[in-house]
Amino acid sequence: MIIEKEEILPGVYRIKFEVPAPYFIEAQPGRFIQLEVSHDPFPVTRRPFTISSVSESSVEIVFEAVGRGTGILAEADAGRSLRLLGPLGSGYRLDPGKWLLIGGGLGAAGFPGLAATVECDLLLLGASSQDKLLTIRETETVTITEDGSSGRKGLITDLLETVHWEAFSSIALCGPIPMMKAVIDMMPVAARAITQVSAEARMGCGWGACEGCSVPKAGGGFLKCCSDGPVFPADSIDWERWEGIH
Amino acid sequence: MIIEKEEILPGVYRIKFEVPAPYFIEAQPGRFIQLEVSHDPFPVTRRPFTISSVSESSVEIVFEAVGRGTGILAEADAGRSLRLLGPLGSGYRLDPGKWLLIGGGLGAAGFPGLAATVECDLLLLGASSQDKLLTIRETETVTITEDGSSGRKGLITDLLETVHWEAFSSIALCGPIPMMKAVIDMMPVAARAITQVSAEARMGCGWGACEGCSVPKAGGGFLKCCSDGPVFPADSIDWERWEGIH
Amino acid sequence: MDKPYKWTFWKREFTSPILLASGTAGFGLELMEQGFLTGAAAVISKATTLAPREGNPPPRIVETRFGLLNSIGLANPGVDEVLDTLLPQAACLPCPLIINVAGETVEDFPAVIERLEESPVPFGYEVNVSCPNVAAGGIAFGASPEIVERISTLVKSISSRPFSVKLTPNEGSIVESAKAAEEGGADAVTVCNTFLGMKVDWRTGKAPLKRNVGGYSSPALLPLTVARVFKTSEATSIPVLASGGVNRAEDILELLAAGAAMVQVGTWLLRRPDAARELRESMISLLEGSP
Amino acid sequence: MDKPYKWTFWKREFTSPILLASGTAGFGLELMEQGFLTGAAAVISKATTLAPREGNPPPRIVETRFGLLNSIGLANPGVDEVLDTLLPQAACLPCPLIINVAGETVEDFPAVIERLEESPVPFGYEVNVSCPNVAAGGIAFGASPEIVERISTLVKSISSRPFSVKLTPNEGSIVESAKAAEEGGADAVTVCNTFLGMKVDWRTGKAPLKRNVGGYSSPALLPLTVARVFKTSEATSIPVLASGGVNRAEDILELLAAGAAMVQVGTWLLRRPDAARELRESMISLLEGSP
Ligand SMILES: Cc1cc2nc3c(=O)[nH]c(=O)nc-3n(C[C@H](O)[C@H](O)[C@H](O)COP(=O)(O)OP(=O)(O)OC[C@H]3O[C@@H](n4cnc5c(N)ncnc54)[C@H](O)[C@@H]3O)c2cc1C
Ligand SMILES: Cc1cc2nc3c(=O)[nH]c(=O)nc-3n(C[C@H](O)[C@H](O)[C@H](O)COP(=O)(O)OP(=O)(O)OC[C@H]3O[C@@H](n4cnc5c(N)ncnc54)[C@H](O)[C@@H]3O)c2cc1C
Ligand SMILES: Cc1cc2nc3c(=O)[nH]c(=O)nc-3n(C[C@H](O)[C@H](O)[C@H](O)COP(=O)(O)O)c2cc1C
Ligand SMILES: Cc1cc2nc3c(=O)[nH]c(=O)nc-3n(C[C@H](O)[C@H](O)[C@H](O)COP(=O)(O)O)c2cc1C
Ligand code: FES
Ligand code: FES
């Protein structure tokens, strides 16, 4: 059941669901849920959302209304019951040491949970404008926007020049594929090796059965976003092929 | 737009629609409308309802919630806008002289308009019980119910024995097919010749194009309920074949 | 699709790509009376056969959860009555009339069309090879490319009017049949028709349709039509008339993008007799609004 | 269907008529872990081929307004890996496992099954003749009754386990192919599979699926399955396994009434991994509640 709903940015919503059992509290950051957005059979499949944060009795997501399913969700009021499946997939490998988080747009939706779990030293957030920029509390954040409405004006890659890559022992990266690829391409090889990316793909089931959610694998073949991921070592992905999909 | 809605009997509703132009006032009794019950594409077709009564700016129907479409209508509140097509079909031939009206259950839904137009001398109404018995104002009415909860206990045919058929110059008959056939079978031949029946059939279009609404024609072939009727001379129908349909 | 939006089909220019599908618009007469033909490029008549046909026993229309089953059985007054009564009236239609022709044998098709040639009214024909071939045990003519080609050749030989062959999605290969129609001289193919469907009441074990199965149509079948339009338009060079599943302006644009030359609206017309106008208007707004 | 409701299939008794359809349940392992196999009579595995297959380029799943297009491309690790890894794990399933087999040539089918015979795990096979026959230019094996019969005969000759032939609704005649499967010794036919479907973005003119067309499934296709189950069960005396359009208990009962021996649930399982339990329970309530 939806217990809270808020439009945190224009067209971007935070929804908190009540969950009966406390199994979400165990969910490591980066895992996701599958939401049944309508009582009708249509749209047929559920919609996947990264778990943004959890408590004993609740789970939160942050999403942007981009289409049909998220449009229905954006209209849903507190009190509405929706079927929710999860936590699904595997999240970030929670290595000790200092973390650098790099998020593009709504890619940062999963960072609150991650930032609360690991030792997050620096958070770089980019977006087209302030309107699309999530804020994540209690973390040193540097922002950049394409229109300069928050932080520097430019692309997230412009922030990378000054990063001391050696200072971090883990990097989390999440955002649109071209943005992630640009970031990966600019990284020193050593940084790539410690980078985990949170991937997105159209999903059928969300639990490993349908082979619908393929992400091109480095060296050939495909990974299953829903069960091999959605968080993957950056090196396990074939970035060229992946970029070609969209 | 629905301007009034009332549950007049358990599961039986009267709905009054506002209509923009006064063309309904001209509709002769027995004509019908096609209502689009949902904004969705499903159910695909409209639902036909006899016009129960009309005013300059409104049209009324009386219906029973028997399935999906009428179920949706039964839930619709005043203020809801529905697309309405009509008046469709051809109604009663309004011959002068005394009329006898015979209705079974909801078959009497169209009688208020008819009774207000012709010189209605006697109205015979039958139903399974009082719960299903419509009341039509300002007309001498004799009722009969299967369970005896209103009027005599029995079937409408039990009322026919005492009817002075010669006293009437027109007869209107409407109800379930087996009931209508039973009435027709008991009538003197002369009465049959002055009887008009209001027929029902599953409709596609409602305006004569699809050949979906066939009613077996006396002498072979089919009549189109929507455009040849829905009101037909009793003699134009092949009652044996018609009864076999259901 | 340049402004002021025009679609050319069979050498005529139309301001709308919408055809009213066979069996759902009669001969256009009822719609004309109400002024509901605005927005329609042409009307396709209900099936016309050599002899009059009563059609199937009722009920002929049965709804399912997400669509419609019909079992009309090609009810029509026969070609004589069509020539004597309906075509003279249809001469007043504000748009061209295409006559849909059905038969029980291969020879029926040219026979009906030969008669129709007597009238100046038809703009062209739609040859419905989805109906059962009595001589071949009830398998649709359209299931066999050889028969499709033969029928097309026969029709071509007796009429100089353009014709489309309306294919069936239920049997055979629609692509092979489309190629055969082109080979035989058809000026278009209609892709496709209703899909074989059925409803059973599980409580009684009975089907509401007396013949058990009927023709199923539904807006949910649009992707099936899109695929078949795409494949047949790739495989042939004659115009493809799309038919199946249209109830929105977006659906029309999608079928045009998939390769259709014109798009038919059938079942939706039963619900919205003014569908052609409505759909055309909202299609134009979409086109104007698009970058 | 006497209380305590039992369905007999391939000489086994089941307390549910529900099979989990190929490609939507993996090998049942994920569902087993969650306890979601309750209510399922058997799991049908995803397609297994001789060599491993990567599958089609993503996106592989595209939604349409009223249904789902998939273009998985029979992605699977190949029969060796299935034998080495998946079948040993599947030995713990609480219900039987039927292996769905696909191929690119006629000979692939018996070759894969010959290997699978090495394992004690499979309860039987489902031979997917809806896939394209490379030697015949990509037309589905299932389109030709002769080829269906040949494949059935070959499979019969190398395995004593029961098998079903999964027919295609897209090409040929499903009734003729069902008869051919019976003739060749098949122990059941599966009727049917996804329908060829496509989506096109009218603004860009592009199809989201890289191969343009894919397999379409939707609850709105149920009447198409009902008709085909009815016709094939009339024409053959082997069990018919219904597949297509089920998302309610009523749908299952309708397919059983139309002649199905067992009923598969596919796409709906993607949305409700515990569909088998849910559907079985509500089916039993309907049966109890009915007069
Ligand atoms: C593991 C995972 C986690 C996600 N977490 C979040 C999140 O926390 N917040 C958030 O806003 N979004 C998230 N997404 C994306 C979100 O699932 C999609 O935006 C949503 O499914 C779109 O549904 P729709 O019906 O509104 O869009 P549709 O109307 O179906 O399509 C609109 C657009 O969205 C794209 N799209 C559709 N489905 C997906 C999908 N499954 N993945 C990516 N793009 C898609 C389509 O290509 C299309 O361009 C996540 C996706 C995945 C796979
Ligand atoms: C000319 C005409 C006038 C009518 N006037 C009235 C009226 O004034 N008041 C009233 O209550 N009903 C009237 N009906 C019947 C009414 O149209 C049906 O009850 C209604 O369409 C059922 O819709 P549904 O979706 O609720 O039923 P469904 O869920 O579709 O079916 C429920 C039951 O209703 C029957 N049914 C479905 N459609 C029709 C139909 N078109 N005609 C007859 N039976 C049908 C089915 O056989 C089924 O048993 C009239 C029908 C016609 C043809
Ligand atoms: C009630 C009805 C009657 C039809 N009659 C015919 C017909 O006589 N000849 C024909 O070729 N197609 C006939 N069709 C098929 C339609 O012309 C159309 O091809 C089909 O319904 C698919 O399109 P739609 O989804 O727009 O309805 C009929 C369809 C319906 C619903
Ligand atoms: C994602 C997906 C994958 C599928 N993979 C296979 C497959 O590998 N082999 C097969 O025979 N059928 C496959 N199918 C078809 C289903 O088994 C089923 O026959 C079809 O989807 C119709 O049933 P439904 O409406 O219940 O989904 C697949 C269907 C889907 C949706
Ligand atoms: S979404 Fe089905 S396997 Fe990943
Ligand atoms: S309902 Fe279409 S002709 Fe009567």
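Residues numbered from 1 in each chain as written. Chains lettered and ligands numbered in written order. Predicted model: local features only at pLDDT ≥ 70, side-chain atom pairs only at ≥ 80, totals over all residues. Heavy atoms only, no water.

> It is not clear to me how the overall build of chain A should be interpreted in this structure. Could you clarify?
Of regular secondary structure, chain A possesses six helices and 16 strands. For 246 residues, the compact-globule formula gives about 18 Å, and the C-alpha radius of gyration of chain A, at 17 Å, lands near that figure. Put simply, 57% of the contacts in chain A that link residues at least 6 apart link residues at least 24 apart. Counting every atom, chain A has about 10,200 Å² of accessible surface; 50% of that belongs to carbon and sulfur. Charged side chains of chain A number 21 positive and 31 negative; the gap between the two group centres comes to 5 Å. (Helix = DSSP H or I, 4+ residues; strand = E, 2+ residues; numbered from the N terminus. Rg over C-alpha atoms; globule rule 2.2 N^0.38 Å. Contact = heavy atoms within 4.5 Å. Areas by Shrake-Rupley, 256 points an atom, 1.4 Å probe, with all protein chains shown as cover. Lys, Arg positive; Asp, Glu negative; His and termini not counted. Charge placed at Lys NZ, Arg CZ, Asp CG, Glu CD.)

> Can you walk me through the site of ligand 1 in this structure?
All names here are of chain A. Residues in close proximity to ligand 1 total 20 residues, the closest being R47, P48, V62, G69 and T70. For ligand 1, an oxygen atom lies 3.0 Å from a polar atom in the backbone of E64. In this structure, G67 approaches ligand 1 through a main-chain N or O atom, which is 3.2 Å from an oxygen atom. Coverage of ligand 1 by the protein amounts to 77% of the 840 Å² it exposes when considered alone. When residues of the shell around ligand 1 are traced back to their parent elements, those giving at least two are β4 (47-50), β6 (58-64) and α1 (68-75). Ranked by the residues each element gives to the shell around ligand 1, the list is headed by β4, at four residues. Of the residues contributing to the shell around ligand 1, the split by class is eleven nonpolar, four polar and five charged. (Near = heavy atom within 4 Å. Polar contact = N/O pair within 3.5 Å; in protein donor to acceptor, adjacent residues only side chain to side chain. Nonpolar A, V, L, I, M, F, W, Y, C, P; charged D, E, K, R; others polar.)

> Can you help me understand the environment of T168 of chain C in this one?
Residue and element names in this part refer to chain C. Tracing the sequence through the fold places T168 in the loop between β9 (163-166) and α5 (174-183). Judged by its relative accessible area of 4%, T168 falls in the buried class. As a C-alpha pair, T168 and T194 span 26 residues in sequence and 7.7 Å in three-dimensional space. Ignoring sequence-local partners within four residues, the contact set of T168 consists of V129, S130, A140, G142, A143 and I174. (Buried < 20%, exposed > 50% of the residue type's maximum accessible area, 1.4 Å probe, protein only.)

> What exactly am I supposed to notice about the site of ligand 2 here?
Residue and element names in this part refer to chain B. Surrounding ligand 2, one finds 20 residues, the nearest of these being R47, P48, V62, G69 and T70. Taking P48, its main chain carries an N or O atom lying 2.6 Å from an oxygen atom of ligand 2. Interatomic distance of 3.2 Å between a backbone N/O atom of G67 and an oxygen atom of ligand 2. The protein chains hide 77% of the 850 Å² of surface that ligand 2 would expose on its own.

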